[in-house]
Amino acid sequence: MLATVDRRAVSPTLSCLATVHGSLDGPLSSTESQCDMTWIDATPPLLGSIVILLLPGIVVGLASGARPWLAIGAAPVLSAGVLGVGAMTTQMVSLPWSLSSAALVSVVAAVLCLATRLAVLRLRPTRVDDTVGTSLPVDRRSVAATIIGVLVGGGIVGFRLTQMFIAPENVSQTPDNLFHQNALRVIEETGRASSLTLGNLDPTATGISFYPGVWHDMTALIMSTFGLSTAVASNLMSIVIGAVFWPLSIVLLLRVFFGRNMLLMVAGGLLSAFFGIFPYVPLFFGVLYPNYLAMALLPALLALIAAALGVSRDLDSPLPARLLLGAIASVGTFLAHPSIGLLAMAASCPLLIFWSVRVTRTSRLRWRVAVPTVVGVSYVAIVCLLWARLRPSAAASGWKPFQTVAQAVGEAVSSAPVGRPFPTALTILTVLGIWFLLRRRDAPAISLVVICALTMWFYVVSASWRPDSVRDAITRVWYNDSFRTGPQIAAVVAPVAAYGLAVILMLLARSVCRATGRLRRPVRQLSATALVIVSAVAVTAWGQDYSVSYGQIIGQGNYRFNDHSPLLNTDEAQVVSRLNKTVAPNSVIANVPGDGSGLIYAMTGQRTVLMTAQATPTGDAKQIYDRLGNVQSDPSVCRAVDATRIRYVAAFGSEVNLMRHDYAGFRGLENNPGVTLVDSAGQARLYRITACDESAS
């Protein structure tokens, strides 16, 4: 059970340092890996994580009355909703977050969905078309095509991510990762995983401080189940999202929008591996774990919204099930990250317009015009209200434009934002996909093109519009940050490009059938199938161009572990690995998080004053940070030491991203007679405040 974990237990990330580098008292060699744990060793917990994270969504989907294909395709986003709400609920009833509590909330959610389904059947027994749906026979070829597409596309993404992370234990050397790693440790130590309190980042705090916590809920779940460190759990979660959640979401959108077509299913899975911006940019910049999860869920959410509104080519699941699943998916995406939830609401406007047109044309009731009008106006008002409310402060949204509108448009259309290399195959397929979709002239096709254009427009605004109130009103939802608006383009371009690839493959198959018209049918089919397979393999190989390799290689730079790692290097890791031997129990360590000491709590359970790169001390702690240099002559410093239990100071040197937090009390620690050096490695130092020992006794 999570609540009973020993907070002083050393992370496996640090325990393995002794194995890899010899004695903890000896020198650490320069290496790019933090441990000898291999990806083969990590495979069993990875496979187990996939099962654990998909099951809640599948169970709830089936209980709601959805067909198996819909329940499986929507499982990632449904699990996000179930586990996100479940983490909040279990905390309210003082139930620690664990595999058993997650299983409990999944069962409760499934029972509630089943009860809702039965209640609707009782209330509307005559509306068989709305409540039961039209069950279509299983198309085994489409199922096989889906499996092949997801396995191949997801396999490519998963392999590239293992190369990007280098080793399972390597942490992202980025400032935002301090929050995420420490949040996982807070959940492990306290069993409290609610998004309503996660923002406190304090094991002792219970006040409301919202932070979108679905990624942390899921990651903490696999961390506790398989006994993983925060670093390994984070990397495995990233692979699950990129290799499983992401291709499943794309395929689901294609299935809902355009029906069960074998070539579409294959193309959807394959296209998940064509992007140099996703999943690599969110895992390189930031690191943006919550955004990354939400972006991967976006296609599935759009699919369920389209299904709920009836803007779909495949409506064999009952209407109540579609409405219920759409609601659960919306909650899950908002709890994953509100900015993507708001993007989904804005992107749903064309779907709502087509629903309104259909209701107006088909309904015989007098209110056929009034109801869609009221619903549409109310919806737009709600979107505008949430857009203004659910956004970060202006002070935190200072990202500036960096190019012209023409450049931004070109980058958006080619799925190469923020200066990424030009992806030739992906761009061609995107343009062809838009062309083929516009020629269909039906609601799903036109809606998808509009959604794609809208998402690209958000990037153009953040990347090229002058920084004024208009730009702020549009893109402050994403901090006005192009590293956030750029990668989300992949979520809507992937199905468009997949449609283009599927049409090309279909045209090739037809051309072969026509050219071999005098041959027997089995020969024609075999020839067409062979050409389609060869063409799909060739295009997939073409799609793995420099743009994708660039995303992987650049991202790899933030996971290298060596003497020069920007956040936590080998010297600092050696000092951290010995903290449970060098630091007295129940003591607190004063630190500057950006120098790597911000990972102390995540890796060892030892409490530190600050745990995020931008955090600053307050109250008695600030007294120590400002006046520790006068500890022998100023009694107020020792009073602050006693009040806060701060007995140690970690001084690890330079900070990540050229940050600089200069505290007067930490200057010249090596010459301060009131502190004593207790451990060091390279430039990393750990001091004990000895001047206050008498007051402590």
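Residues numbered from 1 in each chain as written. Predicted model: local features only at pLDDT ≥ 70, side-chain atom pairs only at ≥ 80, totals over all residues. Heavy atoms only, no water.

Novice: I keep staring at the overall build of the protein and nothing clicks. Help me out?
Specialist: Helices and strands together make up the secondary structure of the protein, namely 31 helices and five strands. For 697 residues, the compact-globule formula gives about 26 Å, and the C-alpha radius of gyration of the protein, at 27 Å, lands near that figure. Projecting the C-alpha coordinates of the protein onto the three principal axes gives extents of approximately 95 × 55 × 50 Å. With 697 residues in all, the protein has 59% of them scored as buried. Within the protein, contacts between residues at least 6 apart in sequence are counted, and of these 76% link residues at least 24 apart. (Helix = DSSP H or I, 4+ residues; strand = E, 2+ residues; numbered from the N terminus. Rg over C-alpha atoms; globule rule 2.2 N^0.38 Å. Buried < 20%, exposed > 50% of the residue type's maximum accessible area, 1.4 Å probe, protein only. Contact = heavy atoms within 4.5 Å.)

Novice: What is the right way to read the side chain of Gln91 from this model?
Specialist: Within the secondary structure, Gln91 sits in helix 4 (residues 75-92). Looking at Gln91, its side chain comes within polar contact range of the side chain of Thr197, at 2.9 Å. Aside from chain neighbours lying at most four places away, what touches Gln91 is Arg192, Ala193, Ser194 and Thr197. (Polar contact = N/O pair within 3.5 Å; in protein donor to acceptor, adjacent residues only side chain to side chain.)

Novice: Even after reading the chapter, I still don't get empty space enclosed by the protein, so can you show me in this structure?
Specialist: The method is simple in principle: a probe with the dimensions of a water molecule rolls over the atoms, and the space it marks as empty is what remains. This structure, assessed with the given rule, holds two cavities of 30 Å³ or more. Each residue belonging to the lining of the largest cavity can be placed in one class, and the counts come to four nonpolar, five polar and two charged. Taken as a whole, the second largest cavity encloses approximately 30 Å³ of empty space. Surrounding the second largest cavity, Gly276, Ile277, Ser415, Ala416, Arg420, Pro421, Pro423 and Ser547 form its lining. (1 Å grid on protein atoms, 1.4 Å probe; cavity = no way out; pocket = protein on both sides within 12 Å on 5 of 7 lines; lining within 4 Å. Points joined across faces, edges and corners; volume = space filled by probe spheres on them. Nonpolar A, V, L, I, M, F, W, Y, C, P; charged D, E, K, R; others polar.)

Novice: Mind showing me how you'd approach unusual backbone geometry here?
Specialist: Excluding glycine, a negative phi dihedral is what most residues carry, and trans is how most peptide bonds are arranged. Backbone torsion omega between Phe278 and Pro279 reads 10 degrees, so that peptide bond is classified as cis. Mapped onto the elements, Pro279 comes out in the loop between helix 11 (262-271) and helix 12 (280-284). Between Gly286 and Val287 the backbone carries a cis peptide bond, its omega angle lying at 10 degrees. Considering the arrangement of structural elements, one finds Val287 in the loop between helix 12 and helix 13 (289-309). Phi is positive for Ser415, which is not a glycine, with a value near 55 degrees. Mapped onto the elements, Ser415 comes out in the loop between helix 18 (405-413) and helix 19 (424-440). Despite not being glycine, Asn480 has its phi angle at roughly 60 degrees, a positive value. The topology assignment puts Asn480 in the loop between helix 21 (469-475) and helix 22 (482-485).

Novice: Quick question: what am I supposed to make of the side chain of Thr219 here?
Specialist: For Thr219, the position within the fold is in helix 9 (residues 214-226). Residue classification places Thr219 among the buried positions, given a relative accessible area of 0%.

Novice: How should the pairing of strand 5 (residues 684-689) be read in this particular structure?
Specialist: When a strand is regular, its side chains alternate between the sheet's two faces. In this structure, strand 3 (residues 646-651) lies alongside strand 5, joined through four bridges in antiparallel fashion. The residue bridging Val649 from the neighbouring strand is Tyr687, located in strand 5. (Pairing = 2+ DSSP bridges.)

Novice: What is the right way to look at the state of the cysteines in this model?
Specialist: Note: disulfide means a covalent bond formed between the sulfur atoms of two cysteine side chains. A complete count under the given rule lists one disulfide for this structure. Each sulfur of the disulfide joining Cys638 and Cys692 lies 2.1 Å from the other. Judged by the sign of its S-S torsion, about -85 degrees, the bond between Cys638 and Cys692 is left-handed. You can see Cys638 sitting in helix 30 (residues 635-644) and its partner Cys692 sitting in the loop between strand 5 and helix 31 (693-696), a full 54 residues away along the chain. By relative accessible area, which is 12% here, Cys638 ends up buried. Cysteine Cys452 is unpaired, with the sulfur of Cys349 as its nearest cysteine sulfur at 16 Å. (Disulfide = S-S within 2.5 Å.)

Novice: It is not clear to me how the sheet that holds strand 4 (residues 675-681) should be interpreted in this structure. Could you clarify?
Specialist: Whenever strands of a sheet pair, they do so through backbone hydrogen bonds, lying parallel or antiparallel. Across the sheet, five strands lie side by side as 2-1-3-5-4; this open sheet has mixed pairing. Each edge of the sheet is formed by a strand with only one pairing partner; in this case those strands are strand 2 (607-608) and strand 4. Together, strand 4 and strand 5 form the strand contacts of helix 26 (residues 570-577), whose direction differs from that of strand 4 by roughly 120 degrees. Strands in contact with helix 30 are strand 1 (588-590), strand 3 and strand 5; relative to strand 3, the strand with the most contacts, it is inclined by about 95 degrees. (Axes fitted to C-alpha atoms, helices over the stretch in contact; angles between N-to-C directions.)

Novice: What exactly am I supposed to notice about the confidence of the model for the protein here?
Specialist: Fine structural detail should not be taken from predicted coordinates in areas where pLDDT scores are low. When pLDDT is averaged along the protein, the result is 89; 91% of the residues meet or exceed 70. Overall, residues 17-31 carries pLDDT values under 50, and its contacts beyond four positions in sequence, including any with other chains, amount to 30 contacts. (pLDDT = per-residue confidence, 0-100.)

Novice: Mind showing me how you'd approach the packing of helix 16 (residues 349-362) against helix 17 (residues 370-389) here?
Specialist: The relative placement of two packed helices is expressed as an angle between their axes plus a distance between the axes. The N-to-C vectors of helix 16 and helix 17 enclose an angle of 170 degrees; their axes lie 10 Å apart at closest approach. As far as their axial angle goes, helix 17 and helix 16 are roughly antiparallel. Note on element contacts: helix 17 touches helix 16 through Pro372, Val375, Gly376 and Tyr379, opposite Cys349, Leu352, Trp355, Ser356, Val359 and Thr360. Along the lines of polarity and charge, the residues of the contact of helix 16 with helix 17 split into seven nonpolar, three polar and no charged. (Parallel < 35°, antiparallel > 145°, perpendicular 65-115°, else oblique.)

Novice: How do you make sense of the packing of aromatic side chains when you look at a structure like this?
Specialist: Given two aromatic rings, one states the distance between the centres and the angle between the planes to describe the pair. Scanning all chains against the criterion turns up 19 aromatic pairs. Judged by centre distance (5.6 Å) and plane angle (65 degrees), the ring pair of Phe285 and Trp399 falls under edge-to-face. In this pair, Phe285 is assigned in the loop between helix 12 and helix 13 and Trp399 in the loop between helix 17 and helix 18, connecting sequence segments 114 residues apart. Residue class for Phe285 comes out buried when judged on its relative accessible area of 17%. On the numbers, 4.9 Å between centres and 80 degrees between planes, the contact of Tyr625 with Tyr663 is edge-to-face. Placement of Tyr625 in helix 29 (residues 619-627) and of Tyr663 in the loop between strand 3 and strand 4 is noted, with a sequence separation of 38 residues between them. With relative accessibility at 12%, the residue Tyr663 sits in the buried group. We note Arg255 situated over the ring of Trp69; from NZ or CZ to the ring centre the distance is 3.9 Å. (Phe/Tyr/Trp six-rings, centres within 6.5 Å; stacked < 30°, edge-to-face > 60°. Lys NZ or Arg CZ within 6 Å of the ring centre and 35° of its normal.)

Novice: Explain the pattern of salt bridges here, please?
Specialist: A pair can form between side chains of opposite charge whenever their charged atoms are brought close. Tallying each qualifying case throughout the model produces twelve salt bridges. Salt-bridge contacts for Arg185 lead to Glu188; the nearest nitrogen and oxygen are separated by 3.6 Å. In this pair, Arg185 and Glu188 are both assigned in helix 8 (residues 177-190), three residues apart and thus about one turn of the helix distant. (Salt bridge = Lys/Arg side-chain N within 4 Å of Asp/Glu carboxyl O.)

Novice: Looking at this structure, how should I read the pairing of strand 4?
Specialist: Pairing between strand 4 and strand 5: six bridges, direction antiparallel. Bridge assignment links Leu677 to a residue of strand 5, and that residue is Tyr687. In this antiparallel pair of consecutive strands, strand 4 and strand 5, the connection spans two residues, and Gly682 shows a positive phi of 60 degrees.

Novice: What am I meant to see in a nonpolar patch on the surface here?
Specialist: A contiguous nonpolar surface patch, about 270 Å² in accessible area, is contributed by Val405, Val409, Val413 and Val431. For the nonpolar patch, the element with the highest residue contribution is helix 18, accounting for three residues. Mapping Val405 onto the fold places it in helix 18. (Patch = residues over 30% accessible without salt bridge, like charges linked within 9 Å, V, L, I, M, F, W, Y side chains within 5 Å. Areas by Shrake-Rupley, 256 points an atom, 1.4 Å probe, with all protein chains shown as cover.)

Novice: Would you take a moment to explain the environment of Ile646 for this structure?
Specialist: Mapped onto the fold, Ile646 is located in strand 3. Residue classification places Ile646 among the buried residues on the basis of a relative accessible area of 1%. Distance in space between the C-alpha atoms of Ile646 and Val51 is 43 Å, their sequence separation being 595 residues.

Novice: Before we go on, may I ask you to explain helix 24 (residues 521-543) in this structure?
Specialist: Between its terminal C-alpha atoms helix 24 stretches 32 Å, which fits the 33 Å expected from 23 residues at 1.5 Å a residue. Three or more residues of helix 24 are buried, namely Ala528, Val532, Ser535, Ala536, Val539, Thr540 and Gly543. Its buried side turned inward, helix 24 meets helix 7 (140-165), helix 11, helix 19, helix 23 (489-515) and helix 25 (546-556). (Expected span 1.5 Å × (residues − 1).)

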